[in-house]
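Observations on the model geometry
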Amino acid sequence: MKNILLPFIFLPSLLTAEVIQTDLLIVGGTESGVAAAVQAARQGVKHIVLVNDIKWLGGQFSAEGLMAIDENRGPEGYGHGVPFPRSGLFREVIERIEASNLRKYGRARPGNTNVITTCLPADAEAVFRELLQPWVAGGQVRVVSDYFVAGAVVEGSLLKAVRFRSTREGQPDLEIAARMTVDASDWGDAVKAAGAEYEFGPDLQEKYGEPRAPASRAAYPITDMNPITWCMVIRETDKNEPVPKPSDYDIRKYANHNYPKDPKWIYSSRRLIDHYGFPEIKHPDALLLCLPVADYPLDVLPKPVADALEKTEAGASTRNIVQMTRAQRQIIFDDARRHSLGYLHYLQTVVHDAMPDKKYSLRRFSLTDEFGTPDHLPPKPYVRESLRLNAMYMMRQQDTTGSGGDARNFGDAMYHDGVACWQFEYDFHPTGRRFIDKGNPAGPWVNFFRKNRSWGPPYSGKCVFPLRSLVPVRVDGLLGAQKNLGYSSLVSAALRLHDQSMAVGQAAGAVAAVSLAHQVQPRVIPFDAALLAEVWTSLCARRDGAQPAMLWPFSDLNPDHPAFEAVNLLAARRCLPLGPRDVKFLADQPAADSWKQDVVNLTRSRVQATELPGMPAGSMSRGEFAVQWWAATRGLSPRPFPRSNSEDADSDGLPDPNDPLPFVAGISSWPKLQIAADSDGDPDPLPRPVAGLRQFNFTGQGSKPVAGFENDNGLPFDDKRGFGWSRDISANHRRRGKLAGEWRDSFLFTRSQDRWECVVPNGRYRVTVCSGDSGEVQAGQNVSIEGIEALHEHTTPAGVFAERTIEVDVRDGRLTVELGRTGAQTNTCLNWLRLAPGKDEG
């Protein structure tokens, strides 16, 4: 749903506000807000004011209590590192956190858990404060705490100032007049006050055409959002006392769920400090409780909460949380806090009592007191989804899906104005609330997942974030940040992690600085090649000891590599020959002459110079060539973006606001994805007739015969038929309707291990098998023929196949094909098989 607010009209009590003039105002002390401030300061913005509604800086890292730090993740999942190296301000923060951990605990990564880096909340807050301190001490940045947005001054379409009110009694109101404002708040407070358009709730398929979006509103109310969670940080003590039972405690809220109840799982997934696994650590064990049972849905509220909201304003309880006032949200927050405390009480009593071995009991843990709150909980909930800024471009699921449906590839639309890199699954926690007592909203409840709004696959591809998605569609002087961004609900679920929020905030700071330096509005920059290049150069610079930010998500290029800046800046300018699967740059491999010439030719198409510098001669690596070539060409002015008309730059029928690639016809960066002959799923033509040739199409029962093939429908081996399976797998059949050719569009599969056999005379045979899926990625496929491995843990992207030909000897009168492996958690597919007698048949 879209919401349009009128410019704020001030109450008389606000007219006595203290007025502060500044160049850049940042609303919110989140990780995104701090990143924006640091980046803008490094670029020379002289006067920056950061206003925070609490004292704590750092957002998810600290104030929200999420210290098991989530990062970009690819389809390989936990335990496989990040899909591309840490970079930019996020890397700086992580390095400071790990240095702090090493000093205090003797381990840079003391958690010994699924995530890479953990910390304690006060340590993370100190890191963010120290990161800002040089510019605070120099007077370039001013931090104002305990003030929240109360209104705005808007003239025409220009945001001129933001009004703030203190959370402490007796403090004056503030009016901060700024040339540019970045909204890095939790709930888009400045966006709303400025009257910028925004969206909330589930997007239907008709809106953005997203495959996983719901088709109708019936089961997806406008209040459906990624839930909030009030995280809890607990430390081991010598006590053995549970936390007090909340007033509305009901055991059924916690016992009637399907999530792991064994606290051992908590230790492995969210331990912050592990002094048992690391004996050198003298600090007690510390755990983060951020678990699905504690997720607090926002779709339908419990009756006591709804009643309290209705007392503030009729209809308040049926609004989406982003439309509520600060006071109304607090009513929800209070109940969410009680819900989390009730869960801890449950773990420390009911679960504790049921454990025969108390080794992993949480009874001996107490809530940390470092937050300084009365109930020892973080000052803020973990906010997964805010309002969605109605921006110059709204990112869609289909843009961000890996090319060819394969999450290991680059995203399908690599936006021309990308300013940050990211990858994650489209990850919703339980968004629904179900009341246990026959739907009685006054009684206990459990949360649940709605269809296509859950965690787990699919993952996005390796993607970039477009500058356009920071810029409101009509309000000037304003940029989005944190989670107040231009994307669909589905994309918001994948673009909300610690590192992603920092990268987006850093980009917002860079855009604000360039806008201020050139006295232009941010909406100009995505369509001005020279200004966009300046943003890229600023993000990728090493000024003041900064770590350069990644602009193109190469999986193998670390910021420490001497070619990092050159490669990223050339890639952002589209001066490197890249395909959707070229996720490794291979900087240390030799640079082929043909590749170097391609770089030169692409550069020629991107700059205004009539003549280019000479191509660096001699043998060198790809990274060395990139460094030399960038040094020779970085001073050349970029060629202006082509525009055929004012509404549709590339005349492809998509107006610019709806076009992910406004300067390239179509919606994909890879419209001519080439698939090799041994990956297209089509049997190679034979040069001549082959005596004794047989071909089998593995398909469902009732499928039409294919010329030249025998259909195998997954039935057990039959002597009369002369081929078949070790068991009936006929139900394991799929036909996707994605590709022409029955032989590759349909397949049989196993999720364990199965055997197919065919009666043949003894002798040598040349056998070709084809495995893959025209519509889905299939990972971890295993095929062997007569004991010889043809595929081992092989992954095929959607629409891409693995065709393997090997020669085998048959000595028992049956050709044997083994499919899958025992204990497998993935499918192995079989599309077709070709069997031809070899030379040694006899």
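What you see as residue numbers is a count from 1 along each chain, following the sequence as written. Residues qualify for local features only when their pLDDT is at least 70, as the model is predicted, and side-chain atom pairs are given and counted only at 80 or more; totals for whole chains, interfaces and linings, by contrast, use all residues. Excluded from the side-chain calculations are hydrogens and water; all other atoms, namely the structure's heavy atoms, are used.

What follows deals with the overall build of the chain. Runs of E in the DSSP output that reach at least two residues are strands. Runs of H or I that reach at least four are helices, and both are numbered from the N terminus. Looking only at helices and strands, the chain has 17 helices and 33 strands in total. For the radius of gyration, the atoms used are the C-alpha atoms, and the globule rule reads 2.2 Å times the number of residues raised to 0.38. In terms of overall size, the chain behaves like a compact globule, its C-alpha atoms giving a radius of gyration of 29 Å where 842 residues would be expected to give roughly 28 Å. With the C-alpha coordinates of the chain rotated into their principal frame, the extents come out at 100 × 80 × 55 Å. Burial classes follow relative accessibility: with a 1.4 Å probe on protein chains only, a residue under 20% of its type's maximum area counts as buried, one over 50% as exposed, and anything between as partly exposed. Counting across all 842 residues of the chain, residues that qualify as buried make up 60%. Whether two residues touch is decided by their heavy atoms; if any such pair falls within 4.5 Å, the residues are in contact. Pairs at least 24 apart in sequence give 73% of the contacts found in the chain among residues at least 6 apart. Summed over all atoms, the accessible surface of the chain reaches about 32400 Å², with 51% contributed by carbon and sulfur. By the counting scheme adopted, Arg and Lys are positive, Glu and Asp are negative, and His together with the chain ends is not counted. For the purpose of locating charges, the reference atoms are NZ of Lys, CZ of Arg, CG of Asp and CD of Glu. In the chain, 96 side chains carry a positive charge and 102 a negative one; their mean positions are 2 Å apart. To be clear on the numbers: accessible area is Shrake-Rupley with a 1.4 Å probe, and residue cover counts the displayed protein chains and nothing else.

Our focus in this paragraph is the environment of Asp406. By secondary structure assignment, the location of Asp406 is in the loop between helix H10 (397–400) and strand S16 (418–422). Put simply, Asp406 and Ser489 are 83 residues apart on the chain and 21 Å apart in space, counted from C-alpha to C-alpha. We define a polar contact as two N or O atoms separated by no more than 3.5 Å, with the added condition that, inside protein, one atom must be a possible hydrogen donor and the other a possible acceptor, whereas residues neighbouring each other in sequence contribute only through side-chain atom pairs. Of the polar contacts made by the side chain of Asp406, one reaches the side chain of Arg408; its length is 2.9 Å.

A few words on unusual backbone geometry. For Asn452, which is not glycine, the phi dihedral falls at a positive 65°. Within the secondary structure layout, Asn452 lies in the loop between strand S18 (445–448) and strand S19 (463–466). Phi is positive for Arg574, which is not a glycine, with a value near 65°. Here Arg574 is to be found in the loop between helix H14 (564–572) and helix H15 (593–606).

This next bit is on the packing of H15 against helix H16 (residues 622–633). Helix axes are fitted only over the stretch in contact, all axes being lines through C-alpha atoms; the angle between N-to-C directions runs from 0 to 180 degrees. Relative to each other, H15 and H16 sit at 25°, their axes nearing to 11 Å. Comparing the axis directions of H15 and H16 gives the class roughly parallel. Both H15 and H16 take part in a crossing whose hand is right-handed. Residues Trp595, Lys596, Val599, Val600 and Thr603 of H15 lie in contact with H16, whose contacting residues are Arg622, Phe625, Trp629 and Thr633. Note that Gly is not counted as nonpolar here; it falls among the polar residues with everything else outside the nonpolar set of Ala, Val, Leu, Ile, Met, Phe, Trp, Tyr, Cys and Pro and the charged set of Asp, Glu, Lys and Arg. For the contact of H15 with H16, the per-class residue count stands at five nonpolar, two polar and two charged. Roughly parallel means an angle under 35 degrees; roughly antiparallel means over 145; roughly perpendicular covers 65 to 115; every other angle is labelled oblique. Definitions for this section: a left-handed crossing has its near helix turned counterclockwise from the far helix by less than a right angle. A right-handed crossing has that turn clockwise.

Right, let's get into the pairing of strand S21 (residues 694–698). S21 sits mainly inside the fold: four of its five residues count as buried. In the sheet, S21 pairs with strand S33 (residues 832–837) via four bridges, with the strands oriented antiparallel. Its bridge partner being in S33, Arg694 is matched across the sheet by Leu835. Any two strands with at least two DSSP bridges between them are considered paired. Relative to strand S22 (residues 710–712), S21 is paired through three bridges, and the arrangement is parallel.

Here the focus is the sheet that holds strand S32 (residues 828–830). Note on sheets: strands pair through backbone hydrogen bonds, and any given pair is parallel or antiparallel. Taken in spatial order, the three strands of this open sheet run S24-S25-S32, and their pairing is antiparallel. Either end of the sheet is taken by a strand with one partner, and the two such strands are strand S24 (733–735) and S32. Pairs of neighbouring strands in the sheet enclose a mean axial angle of 35°, with direction left out of account. Examined bridge by bridge, strand S25 (residues 746–750) and S32 share three bridges and lie antiparallel to one another. Across the sheet, Leu748 pairs through a bridge with Leu830, a residue of S32.

Any pair of cysteine sulfurs within 2.5 Å is marked as a disulfide. Scanning all chains against the criterion turns up zero disulfides. In this structure Cys231 is not part of a disulfide, and its nearest cysteine sulfur, from Cys290, lies 3.6 Å away. We note that Cys758 lacks a disulfide partner, and the nearest cysteine sulfur, in Cys770, lies 18 Å from it.

Quick look at the pattern of salt bridges now. The term salt bridge refers to a side-chain nitrogen of Lys or Arg lying within 4 Å of a carboxyl oxygen of Asp or Glu. In this structure the tally under the stated criterion is 60 salt bridges. Where Arg168 meets Asp146, a salt bridge forms, and the shortest distance between an N and an O atom there is 3.6 Å. Of this pair, Arg168 sits in the loop between strand S6 (158–166) and strand S7 (174–183) while Asp146 sits in the loop between strand S4 (141–144) and strand S5 (147–155), placing them 22 residues apart in sequence. With relative accessibility at 40%, the residue Arg168 sits in the partly exposed group. Relative accessible area serves as the criterion here: at 8%, Asp146 is assigned to the buried category. The salt bridge involving Asp593 is made with Lys596; its shortest N-O contact spans 3.5 Å. Here Asp593 pairs with Lys596, and both are found in helix H15, just three residues apart, close to one helical turn. Exposure remark for Lys596: the relative accessible area of 3% places this residue in the buried category. Linked through salt bridges whose partners overlap, the residues forming this network are Glu199, Asp203, Lys207, Glu385 and Arg388.

Right, let's get into the sheet that holds strand S30 (residues 801–810). Strand order in the open sheet made by the five strands is S22-S21-S33-S27-S30, with mixed pairing throughout. Each of the sheet's edge strands pairs with one partner strand only, and the pair in question is S22 and S30. Neighbour-to-neighbour, the strand axes of the sheet open up by a mean angle of 20°, direction not taken into account. For strand S27 (residues 763–772) and S33, the ladder comprises six bridges, and the chain directions are antiparallel. Among the inter-strand pairings, Cys770 is bridged to a residue of S33, identified as Trp832.

Tracing the backbone shows Pro837 in strand S33. Note on Pro837: relative accessible area 21%, which makes it partly exposed. Considered as a pair, Pro837 and Gly315 are 522 residues apart in the sequence and their alpha carbons are 77 Å apart. Apart from the residues lying within four places of it in its own chain, the contact partners of Pro837 are Ala691, Gly692, Leu693, Arg764 and Tyr765.

The next thing to look at is the packing of helix H1 (residues 31–42) against helix H12 (residues 498–518). One can describe the packing of H1 onto H12 by two numbers: an axis separation of 7 Å at closest approach and a directional angle of 35°. Seen along the crossing, H1 lies across H12 with a hand that is right-handed. Note on element contacts: H12 touches H1 through His498, Ser501, Met502, Val504, Gly505, Gln506, Gly509, Ala510 and Ala513, opposite Glu31, Ser32, Ala35, Ala36, Gln39 and Ala40. Partitioning the contact of H1 with H12 into residue classes produces seven nonpolar, seven polar and one charged.

This paragraph deals with the confidence of the model for the chain. In this model, the chain carries an average pLDDT of 93, and 96% of its residues clear a pLDDT of 70 or more. Each residue carries a pLDDT score, the predictor's own confidence in it, on a scale running from 0 to 100. A low-confidence stretch, residues 4–15 stays under pLDDT 50, and its non-local contacts, those more than four residues away or across chains, total 24 contacts.

With that out of the way, let us pick up the side chain of Gln778. You can see Gln778 is positioned in strand S28 (residues 778–785). Under the relative-accessibility criterion, Gln778 is labelled buried at 7%. A polar atom in the side chain of Gln778 sits 2.9 Å from the side chain of Asp773. When neighbours within four sequence positions are excluded, Gln778 is seen to be in contact with Arg736, Asp773, His794, Thr795, Thr796, Asn827 and Cys829.

Here the focus is H16. For a helix, the expected span equals 1.5 Å multiplied by the residue count minus one. Helix length check: H16, at twelve residues, gives a terminal C-alpha distance of 16 Å against a target of 16 Å (1.5 Å per residue), a fit within 8%. Here H16 has its buried residues at Arg622, Gly623, Phe625, Ala626, Trp629, Trp630 and Thr633. The arc enclosing the buried residues of H16, seen along the axis, measures out at 155°, which places them on a common side. Next to the buried residues of H16 lie H14 and H15. By arc we mean the arc of the directions from the helix axis to the C-beta atoms, nothing more.

Here Asn831 shows up in the loop between S32 and S33. Along the sequence, Asn831 and Gly772 sit 59 residues apart, while their C-alpha atoms lie 6.9 Å from each other. Among the polar contacts made by the side chain of Asn831, one reaches the main-chain amide nitrogen of Gly772 at a distance of 2.9 Å.

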